[in-house]
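# Chains, contacts and geometry: an overview
Listed below are the residues making up each chain.
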Number of protein chains: 4
Amino acid sequence: MLRGLTGAGLGKLESTEQFIELAAKYGFEAVDIDALALVENHSIDGARELLAKHGLVVGSIGLPVEWRGSEERFRADLPKLTQAAAAAAALGCTSCCTYVLPSTDLNAAHFMALATRRLRTCAQILGAYGIRLGLEFVGPHHLRTRWNHPFIWTVEETLDWIDAIGESNVGLLYDSYHWYTNGLTAADIEKLRPEQIVHVHINDAPDVPVEDVLDNGRVYPGEGVIDLAGFLQALVKIGYKGAVSQEILTATPPTDSPERLVQRSKAGFDKVYAAAGL
Amino acid sequence: MLRGLTGAGLGKLESTEQFIELAAKYGFEAVDIDALALVENHSIDGARELLAKHGLVVGSIGLPVEWRGSEERFRADLPKLTQAAAAAAALGCTSCCTYVLPSTDLNAAHFMALATRRLRTCAQILGAYGIRLGLEFVGPHHLRTRWNHPFIWTVEETLDWIDAIGESNVGLLYDSYHWYTNGLTAADIEKLRPEQIVHVHINDAPDVPVEDVLDNGRVYPGEGVIDLAGFLQALVKIGYKGAVSQEILTATPPTDSPERLVQRSKAGFDKVYAAAGL
Amino acid sequence: MLRGLTGAGLGKLESTEQFIELAAKYGFEAVDIDALALVENHSIDGARELLAKHGLVVGSIGLPVEWRGSEERFRADLPKLTQAAAAAAALGCTSCCTYVLPSTDLNAAHFMALATRRLRTCAQILGAYGIRLGLEFVGPHHLRTRWNHPFIWTVEETLDWIDAIGESNVGLLYDSYHWYTNGLTAADIEKLRPEQIVHVHINDAPDVPVEDVLDNGRVYPGEGVIDLAGFLQALVKIGYKGAVSQEILTATPPTDSPERLVQRSKAGFDKVYAAAGL
Amino acid sequence: MLRGLTGAGLGKLESTEQFIELAAKYGFEAVDIDALALVENHSIDGARELLAKHGLVVGSIGLPVEWRGSEERFRADLPKLTQAAAAAAALGCTSCCTYVLPSTDLNAAHFMALATRRLRTCAQILGAYGIRLGLEFVGPHHLRTRWNHPFIWTVEETLDWIDAIGESNVGLLYDSYHWYTNGLTAADIEKLRPEQIVHVHINDAPDVPVEDVLDNGRVYPGEGVIDLAGFLQALVKIGYKGAVSQEILTATPPTDSPERLVQRSKAGFDKVYAAAGL
């Protein structure tokens, strides 16, 4: 499993190029970036060389389509998706992810129908480029009642939704933070087949009651109370081989320099990978 | 458009054979029956002859699959669906319908995902036999809050769901009762293409405020306040050519003889078809 | 049914703007053009106004994806498809077409599998914009053995392929030339439902044995031997309401001025529409 | 990987019960049988107990649908498929297989379209029961020209077809005999993800030029020239964990007793598993 970083939790990064350099300098193997922007700035060959030179792969790109709003907005974003997919594929990236909020002000059933059709279209486009779509279930309790109607937040519900979407290249973005806030164990991961997991996020949680864990109250791996060793071991056990990317969402951005924050991230990965025997 | 009958509203019918005889005697052209039972009792050739002798076609069969409950139950019903589809196809029937309750005690989003996948499977099996699946949106207001969470009840929501199911042989069962309780007009029907309508139900409503109309408070066509002439004209205008079947759901069954009730139904059809200029 | 034109058979058109003016001047109602180019040159609003001012709609756009070659080429064309679909949808066009050659040098079964998957992807993208994909079966006998292995050229085969593609927005591009070279009659059209036809081409054939009719030996409607009145009447009978576009493919381009050729086209339409009683 | 047997190559078995007993007696772990027949004869609970008592699982069932002939025949077989799938699922079997002949007297492109649609329907029904569909590519050279037109026989072509079918539960039945007659190596297996393989057959080939290997000229594992150790090692390496079932097709049936033939099969498995270090 590749040590990965997203920009979240790294403070005020100057550029993707700085992100790539710091990630490489501290031993990371994957970065979750905007592949299309990198290709537009460096050309395909230039982007490939930049990544190769730093020994990095692209862990995942974000889904550049707003599937939660109007039909007009959804349609308007699809050309961008084909371009992003082409760029990601050119860089060897096979994962594209989006998150799913656990409640909604819309009629939940109708929104589920719309979202099913829209994410299917996204998956079909991504599939043409050999890219998979990862859906991130979101566990923190406060978000389940943040909007009027419950949507979905458990692994089972998300897997059922993936079946409803009905494309073979859709799976889970599995985040340790949502695993923890859903009250899950290693055994829950071990029930999965590795191809059901498109991408993994790793984050830690502060020592507060699980019901009080806030989505933007995350801490660096190894600095909190989540059994990240158990999380990683379970992923290894089922055969997951992709990237494990840190994504530290916080209420206020960290003020340390990006380099200090990447160093801190490395320390966190060192600690939890060691605890997992990796 | 074929004048059609379901058994609902015809009192205590002794048998499907009696139903067929009475329907034919009073000028109906389609009956919504259990095609599989008819084939099992008469053989395919016998059932075809019985219908042909009476100048009747099968308007639609009911979906013989419980898609609202457990996965076990759903799976257990699928063999019956293949048999029912084979029987219906053998009799020339190309329509199979189910209704959609407008609220649910389940998590509405999760139920929508499960139902999407299950009805897709039903549509796929029906499609192998050239049969279409009609989804009946259900309008009466009291049912929208009968269970804890809103599900869907409008035409637009149902069409969006049909898109989410994603099979070309799924469309609407359009019931005048649900058209009325949704506050729709002829213009709403005229927005549709005929192939979006799999089957039509015709029923009338008592003269009470539309919010108080009960699902099982239906009256015979022409005996109530729904603009059935406008309803029928709009269907003709867009080119719908299938059956229009009466389905009188009432709190207590009518006590008249089936023959009297079929006669009464005929009078209702005569009245509203004449008003529509058909 | 709208009188439509493609550029084929109109000689050396200077520009799309000229094409639009001439089409309008001679009473045509639809033009088959590159919607994306028009939008890029005039903006969406400008293109809409240009068409509206001339009383024209876009009959169909061509599929801007090479699905017959390498996977790389196919992928590279998809961003263009999303852009073209967005432009066409913005102009109210709901039809996009491609043709299918009746023989191939590739392994026919393998090519069918590849083409099925690729055209499904195209249909899925078009479907997101409310656009349908029309497949044009190609009848001339000489092309059936032009390459090593037979592919498909009949209506039935094409409808079976459409089922294999499995998207509800795929149908036929029905060209009178291929109807004629397949030896079909009005009765064959009357077996179809109107939604199975995405677009129509109208062309005439010279008075030579049907086996000797060449794909690029077409003549203007009414100048040849095809029963175009019967063709049009059958389309009307089943309820087809879209564009009927002329597409005169010839071995050498006509040398008359575009205006003379549009006039000649008008005379042809006048003749065959009158013969059809339209 | 489970040591598995089909009935092919075991002579004149008296019954499925005898097959089960002999398989268990000689250390096999999986049997490829007719799950529906077993359930009909023993009830679900009885069949489960019979298998459990002998320490056996059902490796795979055969697809009980004739998808190569008429549409009528195809439809007529679907009810049987739902029953077979229900029975297989009840016994914990998740694999159902069919073979693909490498040439055809039909128009190859049209047959590919029909077969794509029909096998999709089969996969959809099987998927409702959690069962996967395995397609067996067939390599022997003589069959590639046995009928008029080439169909498909390579792994790549079959994977492309699986993409065209477009259901996530379709994969390969990988038979060492077809691997060998296609001239493939361990590296070709190592390119696959384990979920692309639904089931595995193991057979050996006589020492004749590969072009002369006959489909019904198979010999027991370890008695021929195929590098079965390399075959098994590659499967292990990619993570395949299912059954590996022997299927000895011969021109004339072996005359030894079933028990002698199962013993001989065991000796073959012992030899090649040992050579593979398993």
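Residues numbered from 1 in each chain as written. Chains lettered and ligands numbered in written order. Predicted model: local features only at pLDDT ≥ 70, side-chain atom pairs only at ≥ 80, totals over all residues. Heavy atoms only, no water.

As recorded in an unreviewed UniProt entry, chain A goes by TIM barrel protein and comes from Paenibacillus silvestris.

### Side note on the UniProt feature "domain: Xylose isomerase-like TIM barrel" (unreviewed entry) in chain A
As annotated in UniProt, the feature "domain: Xylose isomerase-like TIM barrel" (unreviewed entry) corresponds to residues 20-257 of chain A in the numbering used here. Secondary structure across residues 20-257 of chain A comprises 43% helix and 16% strand; the distance between its end C-alpha atoms is 15 Å. (UniProt positions renumbered as here; feature names shortened; annotations may be inferred. Helix = DSSP H or I, 4+ residues; strand = E, 2+ residues; numbered from the N terminus.)

### Considering the packing of aromatic side chains
Applying the stated criterion across every chain yields a total of 36 aromatic pairs over all chains. When the ring of Trp 179 of chain A is compared with that of Phe 231 of chain A, the centres are 5.0 Å apart and the planes differ by 50°; the resulting orientation is tilted. Of the two residues, Trp 179 of chain A sits in helix H7 (residues 176-181) while Phe 231 of chain A sits in helix H9 (residues 228-238), which places them 52 residues apart along the sequence. Of the two residues, Trp 179 of chain A and Phe 231 of chain A, both sit in the buried class. Seen from their ring centres, Phe 137 of chain C and Tyr 174 of chain C are 5.2 Å apart, and the 90° between their planes marks the pair as edge-to-face. Of the two residues, Phe 137 of chain C sits in strand S7 (residues 132-137) while Tyr 174 of chain C sits in strand S9 (residues 170-175), which places them 37 residues apart along the sequence. In this structure Phe 137 of chain C comes out as buried when scored by relative accessible area, which is 1%. Its relative accessible area of 0% is what places Tyr 174 of chain C among the buried residues. One aromatic cluster in this structure is built from Trp 67, Phe 111, Phe 151 and Trp 161 of chain A. The ring centre of Tyr 273 of chain B lies 4.8 Å from the NZ or CZ of Arg 3 of chain B, which sits over that ring. (Phe/Tyr/Trp six-rings, centres within 6.5 Å; stacked < 30°, edge-to-face > 60°. Buried < 20%, exposed > 50% of the residue type's maximum accessible area, 1.4 Å probe, protein only. Lys NZ or Arg CZ within 6 Å of the ring centre and 35° of its normal.)

### A closer look at unusual backbone geometry
All names here are of chain A. Not every positive phi belongs to a glycine, and Ser 43 is a case in point at roughly 70°. In this structure, Ser 43 sits in helix H2 (residues 35-53). When its relative accessible area of 38% is taken as the criterion, Ser 43 is described as partly exposed.

### Considering helix H9 (residues 228-238) of chain D
Residue and element names in this part refer to chain D. Extensive coverage of H9 is indicated by the burial of 8 of its 11 residues. Along H9, the positions that sit buried rather than exposed are Leu 228, Ala 229, Gly 230, Phe 231, Leu 232, Ala 234, Leu 235 and Ile 238. If you follow the buried residues of H9, they end up packed against strand S9 (170-175), helix H7 (176-181), helix H8 (186-190), strand S10 (197-202), strand S11 (243-246) and helix H10 (258-275). Count one or two residues on from H9 and you reach Gly 239, which has phi positive near 100°. (Contact = heavy atoms within 4.5 Å.)

### Topic: the pairing of strand S7 (residues 132-137) of chain D
Residue and element names in this part refer to chain D. Of all 6 residues in S7, 5 are buried; the element is thus mostly enclosed. Note that strand S5 (residues 95-100) and S7 share 6 bridges and pair parallel. Following the sheet pairing, Cys 96 is matched in S7 by Leu 133. With 4 bridges connecting them, S7 and S9 associate as parallel partners. Counterpart to Gly 134 in the pairing with S9 is Gly 171. (Pairing = 2+ DSSP bridges.)

### Observations regarding the interface of chain D and chain B
If you look at the interface, chain D gives 14 residues, while chain B gives 14 residues. Each partner contributes to the roughly 1,200 Å² buried at the junction of chain D and chain B, and carbon and sulfur atoms together form 59% of this total. Of all residues in chain D, Arg 75, Ala 128 and Tyr 129 of chain D give up the largest surface area on contact with chain B, accounting jointly for 42% of the area buried on that side. Our count for the contact surface shared by chain D and chain B stands at 0 salt bridges. (Buried area = accessible area lost by both parts, 1.4 Å probe. Salt bridge = Lys/Arg side-chain N within 4 Å of Asp/Glu carboxyl O.)

### Details of the pattern of salt bridges
Evaluated as defined, the whole model comprises 64 salt bridges over all chains. Here Glu 66 of chain A ties to Arg 68 of chain A by a salt bridge, and the two come within 3.3 Å at their closest N and O atoms. The salt bridge partner of Arg 118 of chain D is Glu 71 of chain D, with a shortest N-O separation of 2.8 Å. One end of the pair, Arg 118 of chain D, is in helix H4 (residues 108-128); the other, Glu 71 of chain D, is in helix H3 (residues 71-90), and 47 residues separate them in sequence. On the basis of relative accessibility, which here comes to 2%, the residue Arg 118 of chain D falls in the buried class. In this structure, a network of salt bridges that share partners links the residues Asp 175, Asp 215, Arg 218 and Glu 247 of chain A.

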